[in-house]
Structures are given as structure tokens and as C-alpha cells.
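Descriptive analysis of the structure
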Amino acid sequence: MKEYELHFNYKDIFLAPRLALSPKKIWVLIIGNLSGFIIYWITSYLSLILSGVEINVAVADYGLYPFLFGSSSPLISWIIYYFGILSWLSFILASCSGVSRITLKELQGDNFYSANDAIDFVIKKWKSVLFAPLSIFLIILLFILMAYIFALFGSIPIIGSMTFPILYLFYFFGSIFTIFSFFALFCSILFSSSIIGAYEEDTIGTVFHSYQITFGQPWRAILYNILLFLLAIIFANVLSWFYTNSFYLINQIFGFFMGAKLENIVGYASSIVDISWISDNMSEITINIEDNLFVLPNAASDLIELILSLFNNLFSQFLIALPNFSFEIYTDSLTALETVAGMLLSLPLILLLLSVLSYSIAILSVGETIIFVIFKKIMDNENILSVNDEVLTDSSTNEMNDLDKSSHNILSSFEEE
């Protein structure tokens, strides 16, 4: 039985925070976040070591959140570092496909689709999730490479001068398609997980749907996503408020009996998971990324700087939304027992931080799934939920027919005997 009836417009997006507040959705994203973060952590420290930073100095400076600062690092360090970032994002996108699958089943009324089922689905479909945006990126690179080849051909005396005006319309429309593919790439990053999770598409089908949404629903995609991101930030702050106040309530109650011992344990644990320095240095981080970009044309460089600025502001909002587990009152001289207890306490605090971050991403994943369902209804007049229900009904009917046939055969055999 369905619990939610969609209106197939912007009103449905407001369901995202409620549907995302689900232990199995958050758990799937915690697994993806933690797996990707471990790879990022290892590759970041490896890039720092290759940059000449001693490992003990790097751990003392960055702790759990390493970052490759400075423009003097060798190219191999930046390649390894960006590989870690892309690996983390890949795990998140793959996990989002599992969350999207759970959301689809939930909207169909199947509340027994488990997190393990979603993880199995991710293992089966992760290649499509990653290769769909990569395919569009390769299309853009192919057109840019073709443009350079034609430009090289145009440098040939006489022949190049004559072919350039003849083929100019071909170059012009190829340039338009390249720019359009750039927007389709962002659309694919947003919707690929939802397309695969809700529609079980392969790589080619996901690329097609990304172009279809970019061309057919550009303004809805922009406005719906603005609304969705606002909801994600607002409700992440709400959950973070509960987490922060629960943290301080525990400290007040237990601190009354444990005194300085609790201050030392909680203070050391909070210093391990402290993320305030990241938000304080976001502008410096963005500048360092911009300085280390490859040499690009002015228009492309300006566009990338604009995207990085928007990403900086958006990422800062999500960082601010994380719970505040700061607890600065503790002495520098800790006993061995307090040090071990503080390290153990940092583990649940890390999981709590990841749960809020995962809830934020779950809102986005659930919202993108709902938006895709809306777009399929608007563009193709296809209700994904009812179609799948019909399939389920047909399969159950076939199973009943097979049962009736088997029953008839059994009864017939008894009559013959």
C-alpha cells in the first residue's frame, strides 16, 4: 500500500527531508562516505609526503582532515590528491544510487527493501553510475580535440583559408553542442544516481536521459534543485541543533559527577574531530585550487572560477550545518587512560558527524529521485511508480497462475490414481 501520493510538481520535493530521515538510507551513505574518506585520507597524506612534508608533521598539522596546500607541490602530488577527491565523490554517487533505489521502493509501498538490498544494487550498477558522467566528459574532450585538429588543418596555407569559411557553420554548431554537453555533464552528476536507481538504466540510457533533461527541463531542473539544496541545508541545521544540544546536555550531566576527568576526555576527543579550521580556510583552499588549474582559455577559466566560488559557498553552508562538538576546556597533560578514552570517544563523534553529512546527502538523493519521477511524468507521460506496480502485479499474477496450474496437475494425478 502506498503511503505517499505525488502531485508531480514542486510540492513533491518537500517530501525529501522526511523520506531521507531513514536509518537505512543514512547507513548506506555512511558506508559510502566512510569508504571514500579512507581513500581520500590515504591519498592526501601520500601527496603530502611526495611534496616533501614529513608524515609526523603532516599528522600533527592536519589530523583527520589532510589537505594539499600550496602551489609548489609537484604534479604527481596533485594528481594523487585529486584522485582521492574523485574516489570519495565516486563512492558518494554510488551510494546515492542505493538511496534512490530505496526511495523508489518506498514510494511504491515496499518498506521491506533493506539497506543490504540497496548495497547489492550498488555493487551491480556502480559502473553505470560512474561511467555516465565520464562518458559525457569524454564527449566534450572529443569535440575539443576535433576542434584542435580542424584548427591545425586550418593553418595550412591556401587550403586552410578556404575551408574555414566553408566549414564555419559546422564548427559553430559543434561549439554549441560542446557548451550544451558541459551543462549536460552537471545534469548527469546530479541525476545519474537517481536515473539508475529509479529506472535501472545502463550507461547509454543514463547519458540519453541527462541530455533529455538538460534540453527539455532546464528551468525546472535549476529551480527544483535550488529548492532542494535549500531544504537540505535547513534540515541539516535542524538535525545538527539536536545533536549539538544533546552533546552539551550529556557533558553537563556527566560533568557534574566526573569533573575534570570528563573535561580531559571530551576535550581531547573534540580536538580530534574539530572541523572549524576547514570552514575558516575555505577561501584559501579555493584560491589554491584555482592557482593549480591547468592553463585554460579566459572564458573557461572564468566559468571554472564561478563554479568553484559557488561550490565554496555551498560547501561552507554544509560545513556550518554540521554539529558543533567543540570542547576546549582540557589540560595538555593527559593521563594514558584519558588519552585512550578520548581516542575511543572520537570514533562515535566521527560517526555522528558523518550521519549529519549523510542525512544532507540523503535529502539531495531522495529529492533528485523525486525530481526525476516528476520529469518522466512531464516529458514522457510515464509514471515510474505505476509502471513498476503493474510489473509487480503481472509477476504476482503469473505466479498465481503457475500455482493454479501446478495444483491442477497434482489433482489430476490423484484422480488418475
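Residues numbered from 1 in each chain as written. Predicted model: local features only at pLDDT ≥ 70, side-chain atom pairs only at ≥ 80, totals over all residues. Heavy atoms only, no water.

1. Looking at the overall build of the protein
Inclusion rule: Strands here mean DSSP runs of E at least two residues long; helices mean DSSP runs of H or I at least four residues long; both are numbered from the N terminus. Burial classes follow relative accessibility: with a 1.4 Å probe on protein chains only, a residue under 20% of its type's maximum area counts as buried, one over 50% as exposed, and anything between as partly exposed. Contacts are residue-level and defined by heavy atoms, with any inter-residue pair within 4.5 Å sufficient.
Counting secondary structure elements, the protein contains 15 helices and zero strands. When burial is assessed residue by residue, the protein has 40% of its 417 residues classed as buried. Sequence-distant contacts in the protein: of pairs separated by 6 or more residues, those separated by 24 or more amount to 83%.

2. Description of the nonpolar core
The cut-off we apply is this: Side-chain atoms within 4.5 Å link the members of a nonpolar core, which is a set of buried Ala, Val, Leu, Ile, Met, Phe, Trp, Tyr and Cys residues.
The biggest cluster of nonpolar side chains holds 76 residues, and the ones touching the most others in it are Phe191 and Ile213. Among the elements that take part in this core, helix H14 (residues 336–380) stands out by supplying 15 residues, more than any other.

3. Looking at the packing of aromatic side chains
As a reminder, the rule being used: Stacked, edge-to-face and tilted are the three classes for Phe, Tyr and Trp ring pairs, Trp counted by its six-membered ring, which pair at centre distances within 6.5 Å; planes under 30 degrees apart are stacked, over 60 edge-to-face, the rest tilted. Here, a charge over a ring means that NZ of Lys or CZ of Arg falls within 6 Å of the ring centre while also lying within 35 degrees of the ring normal.
Enumeration over the complete set of coordinates arrives at 30 aromatic pairs. Judged by centre distance (5.1 Å) and plane angle (45°), the ring pair of phenylalanine 143 and phenylalanine 177 falls under tilted. Of this pair, phenylalanine 143 sits in helix H5 (residues 115–154) while phenylalanine 177 sits in helix H7 (residues 168–199), and the two are 34 residues apart along the sequence. By relative accessible area, phenylalanine 177 is classed as partly exposed at 31%. A network of ring pairs unites the aromatic residues Phe37, Tyr40, Tyr65, Phe67, Trp78, Tyr81, Tyr82 and Trp88 as a single cluster. One cation-aromatic arrangement involves lysine 377 over phenylalanine 8; the distance from NZ or CZ to the ring centre is 5.6 Å.

4. Remarks on the side chain of serine 192
So the rule is basically this: Polar contact is defined as a pair of N or O atoms within 3.5 Å, subject to the rule that within protein one atom must be able to donate a hydrogen and the other to accept it, and that residues adjacent in sequence are counted only when both atoms are side-chain atoms.
Here serine 192 shows up in helix H7. Here serine 188 takes part through its backbone oxygen, which lies 2.5 Å from a polar atom of the side chain of serine 192. The contacts of serine 192, once residues within four sequence positions are left out, are Val129, Ala132, Pro133, Cys187, Thr206 and Ser210.

5. A word on helix H10 (residues 260–273)
What counts is decided by this rule: What a helix is expected to span follows from its residue count: subtract one and scale by 1.5 Å.
Between its first and last C-alpha, H10 extends 20 Å over 14 residues, near the 20 Å set by a 1.5 Å rise per residue. Taken residue by residue, H10 has Leu262, Asn264, Ile265, Val266, Gly267, Ala269, Ser270 and Val273 as its buried positions. Elements in contact with the buried residues of H10: helix H9 (218–258) and H14.

6. Looking at a nonpolar patch on the surface
Quick reminder of the rule: Patch definition: residues above 30% relative accessible area lacking any salt bridge, with like charges linked at up to 9 Å and the nonpolar side chains Val, Leu, Ile, Met, Phe, Trp and Tyr linked at up to 5 Å. Residue exposure ignores everything except the shown protein chains as possible cover, and the areas themselves are Shrake-Rupley values with a 1.4 Å probe. A pair is scored as a salt bridge if a Lys or Arg side-chain nitrogen falls within 4 Å of a carboxyl oxygen belonging to Asp or Glu.
On the surface, a nonpolar cluster with roughly 1100 Å² of combined accessible area is contributed by Trp219, Ile222, Leu223, Ile226, Leu230, Ile234, Phe235, Val238, Trp241 and Phe242. Turning to its location among the elements, valine 238 is positioned in helix H9. Owing to a relative accessible area of 40%, valine 238 belongs among the partly exposed residues under this scheme.

7. Some remarks on the environment of isoleucine 213
Following the sequence through the fold, isoleucine 213 ends up in helix H8 (residues 203–216). Isoleucine 213 sits in the buried class, given a relative accessible area of 0%. Isoleucine 213 has contacts with Cys187, Phe191, Ile195, Pro218, Ala221, Phe372, Phe375 and Met379, leaving out every residue within four places of it along the chain.

8. Here we look at unusual backbone geometry
Of note in the backbone geometry, phenylalanine 8 takes a positive phi value of approximately 60° without being a glycine. Its location among the elements puts phenylalanine 8 in the segment before helix H1 (16–20). Located in the positive-phi region is asparagine 381, a residue other than glycine, with phi close to 55°.

9. With respect to the confidence of the model for the protein
If pLDDT is low for a region, its predicted coordinates should not be looked at in detail. Put simply, the test is: Known as pLDDT, the predictor's confidence for each residue is given on a scale from 0 to 100.
Taken residue by residue, the protein gives an average pLDDT of 83. The fraction at 70 or more is 82%. Here residues 292–296 scores under 50 on pLDDT; set against residues more than four positions off or in separate chains, the count is eight contacts. Here residues 388–417 is modelled with pLDDT under 50, and outside its nearest four sequence neighbours on either side it reaches four contacts, counting other chains as well.

10. Focus on the packing of helix H2 (residues 23–50) against H5
Going by this rule: Inter-axis angles, ranging from 0 to 180 degrees, are taken between N-to-C directions of lines fitted to C-alpha atoms, where helices are fitted over the stretch in contact. Throughout this description, any angle smaller than 35 degrees is read as roughly parallel, any larger than 145 degrees as roughly antiparallel, any in the 65 to 115 degree range as roughly perpendicular, and the remainder as oblique. The handedness criterion is simple: a crossing whose near helix is rotated anticlockwise from the far helix by less than a right angle is left-handed, and one whose near helix is rotated clockwise is right-handed. Lys, Arg, Asp and Glu make up the charged group, whereas Ala, Val, Leu, Ile, Met, Phe, Trp, Tyr, Cys and Pro make up the nonpolar group; the residues left over, Gly among them, are polar.
Where H2 meets H5, the axes come as close as 9 Å, and the angle between the chain directions of the two elements is 40°. Between H2 and H5, the interaxial angle falls into the category oblique. For the pair H2 and H5, the sense of crossing is right-handed. Where H2 abuts H5, its residues Lys24, Trp27, Val28 and Ile31 lie against Ala115, Ala118 and Ile119. When grouped by side-chain class, the residues that make up the contact of H2 with H5 number six nonpolar, no polar and one charged.

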